[in-house]
Amino acid sequence: MKSAVETLNPTRVRLTVEVPFEELKDSLDAAYKKINQQVTVKGFRKGKIPARVIDQRFGRGAVLEEAVNDALPKFYTEAVNEAELNVLGQPEVDITELKDNETLNFTAEVDIRPAIEIPDYSGIEVEVDAVEVSDEDVEKAVEELRERFASTSPVERAAEDGDVVTIDLEAKVEGEVLEDGVASGVSYTIGSGELLEGIDEAVKGLEAGGEATFTSELKGGSAAGKESEVTVKVTQVAARELPALDDDFAQLASEFDTLDEVKADSRKRLENMKQYDQATQAQERVLEKLLELVEVPVPEKLLADEIETRKHNLVNHQLGQMGLDLEKYLEIQGKTEEEFDAETKEQAEKGIKTQFVLDELVNKEKLNVNQEELTEHLMRRAQSSGMSPDQFAQAVVEGGQVPMLVGEVARGKALAVVVEAATVKDTNGEIVDLDDEDETAETVEASSEDAAAESADAAEEKTEA
């Protein structure tokens, strides 16, 4: 077999392959054997029909077609390996010449990973938010904890902001009561915004036994997105009573003995959250700077497939679960379809470029993934998916997605390497040392894995094909 490679553009090549006919012998034998098992010829036992009889009865062309279909993947793979190409997706194959007992010639056009030159990234500088926790932040956190331990008691007066009302609801669309539009005994805190728009105004001022009707757009259910006439009846009004902020509250609401200890713990928790946000900001902004430094051609077909995949997932999975279609979603977002398409294309391009660049960094830095790192990443992914680690691991193995997870971890490690080499300053001009504490360093690597996965995951399936 002879093969040659022609570069069509930085992301696409054409392979020209010439196969001497003798190299088709195994495939021809397999073709005759397969046809032998599928047909019956009077006077011959099944599977024992001579080749010349098959040629006469069914045509040599049918045998050649079967043999070529069997042989093409093997010769294509040999040509790819010989040229050391990193191909993406499936090739477009064209048989240019097939002469019986002489030769088989074909071409195969296929997308390839572009050659990427990773420049010196040690000069990257980014700015992130400073880790600052104010007394007001602490007071707010303690107040939120206090809210969780509020008690309620029925009152005989009109409902006010902050009260907890027990209500019955009935929703009608075009005068018809919806099958899933009736609910009884619903507990609702006035002002929380957790139910329908307009319900606060409807129930405020009503006492137990009071009733009101208002119009609202339904958020979910069989008539999601439609205007509905909603009747609400208040069956009970209860006032919320907050516990006093003292040491007794500290002992009730936490493992601490004093209110001062609760406040100190709240401050520490807020600092940890801000440190995580800071690390996440750092890796996001470093990734942006890195992508600006690298020229990354994107295969047109890969980009088109990626855009289609993202739109399909949004419309058929995310919006479908919320009872919305694309038109309603764009209306809520205040976007035109053109703006949505432009954003989707931009996100798809970034995802593909991120994967290409980080994969190249993995090779350049010779990064490996050990079992412990893979297990930790699997645990995080399981938690974010709402599945147990065992369920998630089983789904990953059954779906053949282990290489995808390994790739996510490796890219996360690659991004963490760049973050560690970059200069990170906070908004106060202070250098942020993300290696200062083991916990912070682990946060950087974990959040880098998540960022790499989020940016590049959607492109993974296409590029692994």
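Computed from a prediction, not measured in an experiment: that's the story for all the values here.

J.: Any details on the overall build of the protein chain? Residues and values, ideally.
T.: On a plain count of helices and strands, the protein chain comes out with 14 helices and 11 strands. Its C-alpha atoms give the protein chain a radius of gyration of 32 Å, more than 25% over the compact-globule value 23 Å for 465 residues. Each principal axis of the C-alpha atoms in the protein chain carries an extent, and together these give about 100 × 65 × 40 Å. Sequence-distant contacts in the protein chain: of pairs separated by 6 or more residues, those separated by 24 or more amount to 69%. Approximately 26,500 Å² of the protein chain is accessible, and the part contributed by carbon and sulfur atoms is 45%. Charged side chains of the protein chain number 49 positive and 108 negative; the gap between the two group centres comes to 10 Å.

J.: Give me the lowdown on the packing of helix α7 (residues 259-293) against helix α10 (residues 337-365), citing residues and values where you can.
T.: It is the contact of α7 with α10, at a shortest axis distance of 11 Å, that shows an interaxial angle of 85°. The orientation of α7 relative to α10 falls into the category roughly perpendicular. Each of Leu 287, Glu 288, Leu 290 and Leu 291 in α7 lies in contact with α10, whose residues at this interface are Lys 350, Lys 353, Thr 354, Val 357, Leu 358 and Leu 361. For the contact of α7 with α10, the class distribution of residues is 6 nonpolar, 1 polar and 3 charged.

J.: Outline the sheet that holds strand β4 (residues 103-112), supporting the account with residue identities and numerical values.
T.: Strands sit in the order β1-β2-β4-β3 across an open sheet of 4 strands; the sheet is antiparallel. The open sheet has two edge strands, β1 (2-9) and β3 (87-99), and neither has a second partner. Across the sheet, the mean angle from the axis of one strand to that of its neighbour is 20°, orientation sign disregarded. Here β1 pairs with strand β2 (residues 12-20) via 7 bridges, running antiparallel. In the sheet register, Val 5 faces β2, and the bridge partner there is Leu 15.

J.: Hey, could you go over a nonpolar patch on the surface for me, with residue numbers and the actual values?
T.: The grouping of Val 93, Ile 95 and Leu 98 at the surface amounts to a nonpolar patch, some 220 Å² of accessible area in total. Summarising the element assignment, Leu 98 is placed in strand β3.

J.: I'd like a description of the UniProt feature "domain: PPIase FKBP-type" (unreviewed entry) in the protein chain, backed by residues and values.
T.: In the UniProt entry, the feature "domain: PPIase FKBP-type" (unreviewed entry) is given for residues 162-215. In residues 162-215, helix accounts for 9% and strand for 54%; the two terminal C-alpha atoms are 22 Å from one another.

J.: Mind laying out the side chain of Thr 107, listing which residues take part and the relevant values?
T.: Tracing the chain through its elements places Thr 107 in strand β4. According to the relative accessible area criterion, Thr 107 is buried, its value standing at 15%. Not counting residues up to four positions away in its chain, the partners in contact with Thr 107 are Arg 14, Leu 15, Thr 16, Glu 92, Val 93, Asp 94 and Thr 96.

J.: Break down the environment of Val 296 for me, with residues and values.
T.: With respect to the secondary-structure elements, Val 296 resides in the loop between α7 and α8 (300-322). On the accessibility criterion, Val 296 (7% relative accessible area) is buried. Separated by 79 residues in sequence, Val 296 and Thr 375 place their C-alpha atoms 31 Å apart. The contacts of Val 296, once residues within four sequence positions are left out, are Ile 116, Lys 353, Phe 356 and Val 357.

J.: Give a detailed account of the nonpolar core, specifying residues and quantitative values.
T.: Of all hydrophobic cores here, the largest spans 35 residues; its most connected members are Ile 124, Leu 290 and Leu 361. Of all elements in the fold, only β5 (125-128), α7, α8, α10 and α13 (402-421) reach the threshold of two or more residues within this core. Considering each element in turn, this core owes the most residues, 7 residues, to α10. Setting aside anything within four residues of it in sequence, one finds Ile 124 in contact with Val 286, Lys 289, Leu 290, Leu 293, Val 418, Ala 422 and Thr 423. Counting residues in hydrophobic clusters, the runner-up holds 32 residues, among them Val 41, Val 63, Leu 85 and Leu 104.

J.: How would you explain the packing of aromatic side chains if you had to name every residue and give the values?
T.: Tallied over the full model, the rule gives 1 aromatic pair. Plain terms: the ring middles of Phe 149 and Phe 249 are 6.3 Å apart, the flat faces sit at 90° to each other, and that makes the pair edge-to-face. Of the two residues, Phe 149 sits in the loop between α4 (135-148) and β6 (151-154) while Phe 249 sits in helix α6 (residues 247-253), which places them 100 residues apart along the sequence. According to the relative accessible area criterion, Phe 149 is partly exposed, its value standing at 32%.

Reading the values: rules and limits
Residues numbered from 1 in each chain as written. Predicted model: local features only at pLDDT ≥ 70, side-chain atom pairs only at ≥ 80, totals over all residues. Heavy atoms only, no water. Helix = DSSP H or I, 4+ residues; strand = E, 2+ residues; numbered from the N terminus. Rg over C-alpha atoms; globule rule 2.2 N^0.38 Å. Contact = heavy atoms within 4.5 Å. Areas by Shrake-Rupley, 256 points an atom, 1.4 Å probe, with all protein chains shown as cover. Lys, Arg positive; Asp, Glu negative; His and termini not counted. Charge placed at Lys NZ, Arg CZ, Asp CG, Glu CD. Axes fitted to C-alpha atoms, helices over the stretch in contact; angles between N-to-C directions. Parallel < 35°, antiparallel > 145°, perpendicular 65-115°, else oblique. Nonpolar A, V, L, I, M, F, W, Y, C, P; charged D, E, K, R; others polar. Pairing = 2+ DSSP bridges. Patch = residues over 30% accessible without salt bridge, like charges linked within 9 Å, V, L, I, M, F, W, Y side chains within 5 Å. Salt bridge = Lys/Arg side-chain N within 4 Å of Asp/Glu carboxyl O. UniProt positions renumbered as here; feature names shortened; annotations may be inferred. Buried < 20%, exposed > 50% of the residue type's maximum accessible area, 1.4 Å probe, protein only. Core = buried A, V, L, I, M, F, W, Y, C linked by side-chain atoms within 4.5 Å. Phe/Tyr/Trp six-rings, centres within 6.5 Å; stacked < 30°, edge-to-face > 60°.

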